[in-house]
There are 2 protein chains.
Amino acid sequence: MAVGSFNFPTMPNIQGVKLNTVCAGIKQTVKDDLLVIALDEGGTCAGVFTRNAFCAAPVHVAKSNLAHNPRWLLVNSGNANAGMGRPGMRDALETCAQLAHLVGAKPAQVLPFSTGVIGQPLPVDKLVSALPAAVSGLSGGHWDKAARAIMTTDTFAKGVTHCLDIDGHSVHFNGIAKGSGMIQPDMATMLAFIATDAKIGQNLLQTCLAAAAGQSFNRITVDGDTSTNDAVMVMASGYSSAPEITAGSQALARFSEALLGVCKQLAELIVRDGEGATKLIRIVVSEALTDEEAVQVGKTIAHSPLVKTAFFASDPNWGRILAAVGRAGIHKMVLDDVQIFLDDVCIVNHGGRADGYTEAAGQQVMDKAEITVAVKLGRGAACQEVLTCDFSYDYVKINAEYRT
Amino acid sequence: MAVGSFNFPTMPNIQGVKLNTVCAGIKQTVKDDLLVIALDEGGTCAGVFTRNAFCAAPVHVAKSNLAHNPRWLLVNSGNANAGMGRPGMRDALETCAQLAHLVGAKPAQVLPFSTGVIGQPLPVDKLVSALPAAVSGLSGGHWDKAARAIMTTDTFAKGVTHCLDIDGHSVHFNGIAKGSGMIQPDMATMLAFIATDAKIGQNLLQTCLAAAAGQSFNRITVDGDTSTNDAVMVMASGYSSAPEITAGSQALARFSEALLGVCKQLAELIVRDGEGATKLIRIVVSEALTDEEAVQVGKTIAHSPLVKTAFFASDPNWGRILAAVGRAGIHKMVLDDVQIFLDDVCIVNHGGRADGYTEAAGQQVMDKAEITVAVKLGRGAACQEVLTCDFSYDYVKINAEYRT
């Protein structure tokens, strides 16, 4: 199930970026499960990765290779190559070496990504056997195939395209993502790959991506878990006719804003496809002292199983939201200053149920598929948003029965 | 549903402590929903309360009155008197004043406790009308009735009794508790009332209770939510022939240990009756640098919906436990030093699946109703335990359908 319907957009080519998918048989289906993305020489590449200490072997290798002018991304679904200790690391390095050998690159120029079942050896032979076909079919036009090839339990392929005008020059962005729980069944993770034809140095690109991911992918939660394999990559080919984007420029501000927009749209698609999700819940915390405080309150609400089951039931059980705000650990919060709204219906003020609040008004909002919870803390000017979904029987079903 | 079966114990009287229950009609059933506990003059009373900033009116009043030599506890189920703003405070104070008037005490000597539906006005008239009958029937032998009267969605009454010998003198403890989610449907909370005939000063009793609650009630989690009404009270009547328990004495150590034992047993009963629980999961984190670190890892595992749904499904999906340890935020954890066990089956060592681990061995443990997850961090000597239960369809059902 997913919240709302989504049509995969028509994506233009991003000059300097080619991709292809093939079926390597890792998933034991006839679906494509291997994706290769190639970036022309001279392009730059940035990435942000899971903070899980038990991160998977490919994450270790990708992080380390990021400093070596990477030009190849090698992505498989169906196997996460996580929790495999040293053999997992050997397998990840081996697949990079094989692709490098095939295309005449250095192994350190290949970044590996894996998503799928944890604790099973990566079928290196199958993967390597499929590489020649993958490489020979590289083209600029395979974004839809790529989005499908990285899916695990996702119910739809996720992609976003955007065109930015900088002083009369077009700068294009294409992005694809997968993930329908913060940890998929067996931690198959969230992955996103974004390409742009902007010309931008690696360090600056890394700074932009870190900021954008912090405001998008790090502001969503399905179940509060953090996977071993999460990664968001952005590749910049430099083929746009726009001048190079440099530090402190107006163009940098516009580029950063556009990248954030692409990341936010991809992040929202992931939540819409949250495991068992029937509702999209946007939590906006304003009048906070700091951004950190706003996020803390937002995530406490978003992680509460009681709040999430109430949304699933369309039950305007506002006491659960109030209780979540109350336990968020905000120092010296003045309850009388806190206001809580469901869409535009005020449910809490002056430390309790709002005057004039009626169950009928609350019910009308809760019956919707997309709901905004607005919390005004009344103590500052910071505002942050967190996106989440509800908690349904299907979440339990998907996660309890995945391997049975 | 509950994990295991439990027979309410035969409880002796605690001299100097009397109780009684009546049906005040707050619950709109014929079940008793009002409990009065009276402590003889000269006794001492200590309490620990929820840290939720939106705590209910009775919690505010009870905390404040704790300094005024309280001798009366007034407990109702069926209505939490939470989220009601100033009228809630007025109602809580009014019920205390009425009981005080009836028994010739000062209002500040009455501590109120409420558990049940949030956001509804406390039916003060019904409660006050029932007070004379409650007071006139006070006796030492009503512990089983008391345990039943404070239940909300609990499926069984919870009580523990213990007798400690101090230098040939008996010191008795009786304890009752309610709670089957950290927040019950509508935040009806966890409450525990413990009585002992020990003679001990209020400050020392408070210190003992805070320590015991920290190691028991604060080490359990059903859904990670913290209610607005949680409270644990201990009353000491001083009628035991044992000498007064004083700071630094051997008797204090024994008393503290016994109080901790009672708290731990009550806490375990709450988890066994966790909403929708089918399994009791004991998480033991050892070889940690500090107690805080051990608790942090334990609670991260205990709060993971993915771990909890895997236990519900009896699925030895060890990758989810490994991922939870990995995201617990432990600074500079060395993965190669971490070991994870399901009962005595080693599932993770050297950063990945343990050599010799078999799915069959994992399955054998997961099929049990009570399971220990042991995590050895390999970096220190601290050890702490966290208790939780699994996450089932019934949890979603109970919490989604409570008000429909």
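Residues numbered from 1 in each chain as written. Chains lettered and ligands numbered in written order. Predicted model: local features only at pLDDT ≥ 70, side-chain atom pairs only at ≥ 80, totals over all residues.

**Brief notes about the overall build of chain A**
Next, step 1: Scanning chain A from terminus to terminus reveals 11 helices and 16 strands.
Next, step 2: In terms of overall size, chain A behaves like a compact globule, its C-alpha atoms giving a radius of gyration of 22 Å where 404 residues would be expected to give roughly 22 Å.
Next, step 3: Counting only C-alpha atoms, chain A reaches 70 × 55 × 35 Å along its principal axes.
Next, step 4: Here chain A holds 404 residues, and the buried ones make up 60% of them.
Next, step 5: Contacts in chain A between residues at least 24 apart in sequence constitute 80% of all its contacts with a sequence separation of at least 6. (Helix = DSSP H or I, 4+ residues; strand = E, 2+ residues; numbered from the N terminus. Rg over C-alpha atoms; globule rule 2.2 N^0.38 Å. Buried ≥ 20, exposed ≤ 12 C-beta atoms within 10 Å, placed from the backbone. Contact = placed C-beta atoms within 7 Å.)

**A short note on helix α3 (residues 124-136) of chain A**
Residue and element names in this part refer to chain A.
Next, step 1: With 13 residues, α3 should cover 18 Å at 1.5 Å per step; its first-to-last C-alpha distance of 19 Å lies within 8% of that length.
Next, step 2: Largest kink in α3: about 35°, centred on A130, with the proline P132 one to four residues after it.
Next, step 3: Within the span of α3, buried status applies to L127, A130, L131 and A134.
Next, step 4: For α3, the secondary structure elements touched by its buried residues are β1 (17-22), β2 (34-39), β4 (72-79) and α2 (85-103). (Expected span 1.5 Å × (residues − 1). Bend = angle between axes of the 7 residues up to and from the residue.)

**Comments concerning the sheet that holds strand β13 (residues 345-349) of chain A**
Residue and element names in this part refer to chain A.
Next, step 1: As summarised here, the arrangement of the seven strands in space is β9-β16-β11-β15-β12-β13-β14, forming an open sheet in which the pairing is mixed. The two strands at the open ends of the sheet, each matched to only one other strand, are β9 (220-221) and β14 (352-353).
Next, step 2: Relative to β13, strand β12 (residues 339-342) runs antiparallel, the two sharing three bridges. Along β13, the bridge assignment pairs F341 with C346.
Next, step 3: Helix α6 (residues 250-272) rests against β9, β11 (280-288) and β16 (382-389) of the sheet, and its axis sits at about 40° to β16.
Next, step 4: Packing of helix α7 (residues 291-303) onto the sheet brings it into contact with β9, β11, β15 (370-376) and β16, and relative to β16 it is tilted by some 20°. (Pairing = 2+ DSSP bridges. Axes fitted to C-alpha atoms, helices over the stretch in contact; angles between N-to-C directions.)

**Side note on unusual backbone geometry**
Next, step 1: The backbone of D343 of chain A sits at a positive phi, close to 50°, despite the residue not being glycine.
Next, step 2: Note that D343 of chain A resides in the loop between β12 and β13.
Next, step 3: We note that E287 of chain B has phi near 55°; this positive angle belongs to a residue other than glycine.
Next, step 4: Note on placement: E287 of chain B falls in strand β11 (residues 280-288).
Next, step 5: Residue E287 of chain B is classed as partly exposed on the basis of its C-beta count, with 17 C-beta atoms lying within 10 Å.

**Focus: the packing of helix α5 (residues 202-214) of chain B against helix α6 (residues 250-272) of chain B**
All names here are of chain B.
Next, step 1: Running from N to C, α5 and α6 cross one another at 45°; their axes reach a closest spacing of 9 Å. On the basis of the axis angle, α5 is oblique to α6. For α5 against α6, the interelement crossing comes out right-handed. Between α5 and α6, the contacting residues are C208, L209, A211, A212 and A213 on the first element and F255, S256, L259, L260 and C263 on the second.
Next, step 2: Here the contact of α5 with α6 is built from residues that sort into nine nonpolar, one polar and no charged. (Parallel < 35°, antiparallel > 145°, perpendicular 65-115°, else oblique. Left-handed = near helix turned anticlockwise from the far one by under 90°. Nonpolar A, V, L, I, M, F, W, Y, C, P; charged D, E, K, R; others polar.)

**Side note on the packing of helix α2 (residues 85-103) of chain B against helix α3 (residues 124-136) of chain B**
Relative orientation and spacing of two packed helices are given, respectively, by the angle between their axes and the distance between those axes.
Residues and elements named next belong to chain B.
Next, step 1: Where α2 meets α3, the axes come as close as 10 Å, and the angle between the chain directions of the two elements is 25°. The orientation of α2 relative to α3 falls into the category roughly parallel. α2 and α3 meet at a crossing whose hand is right-handed. Between α2, through D91, E94, T95, Q98, L99, L102 and V103, and α3, the contact on the second element is made entirely by V124, L127, V128, L131, P132 and V135.
Next, step 2: Class assignment of the residues belonging to the contact of α2 with α3 gives a composition of nine nonpolar, two polar and two charged.

**Side note on the domain arrangement of chain A**
Residues and elements named next belong to chain A.
Next, step 1: Considered domain by domain, chain A is made up of domain 1 (17-270) and domain 2 (280-401).
Next, step 2: Placing a centre on the C-alpha atoms of domain 1 and another on those of domain 2 gives a separation of 33 Å.
Next, step 3: The partner domain 2 presents 10 residues to the nine residues of domain 1 that form the contact.
Next, step 4: Breaking the side of domain 1 that touches domain 2 down by element, the ones donating at least two residues are β9 and α6.
Next, step 5: For the side of domain 1 that touches domain 2, a count of residues per class yields four nonpolar, three polar and two charged. (Domains from an automatic or database assignment.)

**What to know about the pairing of strand β13 (residues 345-349) of chain B**
Residues and elements named next belong to chain B.
Next, step 1: A large share of β13 lies buried, amounting to four of its five residues.
Next, step 2: The hairpin formed by strand β12 (residues 339-342) and β13 contains two residues between the paired strands, and D343 there has a positive phi angle of roughly 50°.
Next, step 3: In terms of strand pairing, β13 meets strand β14 (residues 352-353) through two bridges, oriented antiparallel. Counterpart to N349 in the pairing with β14 is G352.

**Structural notes on the pairing of strand β7 (residues 169-178) of chain B**
Residue and element names in this part refer to chain B.
Next, step 1: The buried count for β7 comes to eight of 10 residues, which makes it a mostly enclosed element.
Next, step 2: Here nine bridges tie strand β6 (residues 158-166) to β7, and the two strands are oriented antiparallel to one another. Its bridge partner being in β7, H162 is matched across the sheet by F173.
Next, step 3: Between β6 and β7, which pair antiparallel and follow one another directly, the connecting turn spans two residues, one of which, D167, has a positive phi of 50°.
Next, step 4: Pairing between β7 and strand β8 (residues 191-196): six bridges, direction antiparallel. Each residue of the ladder has a partner; that of N174, found in β8, is A195.

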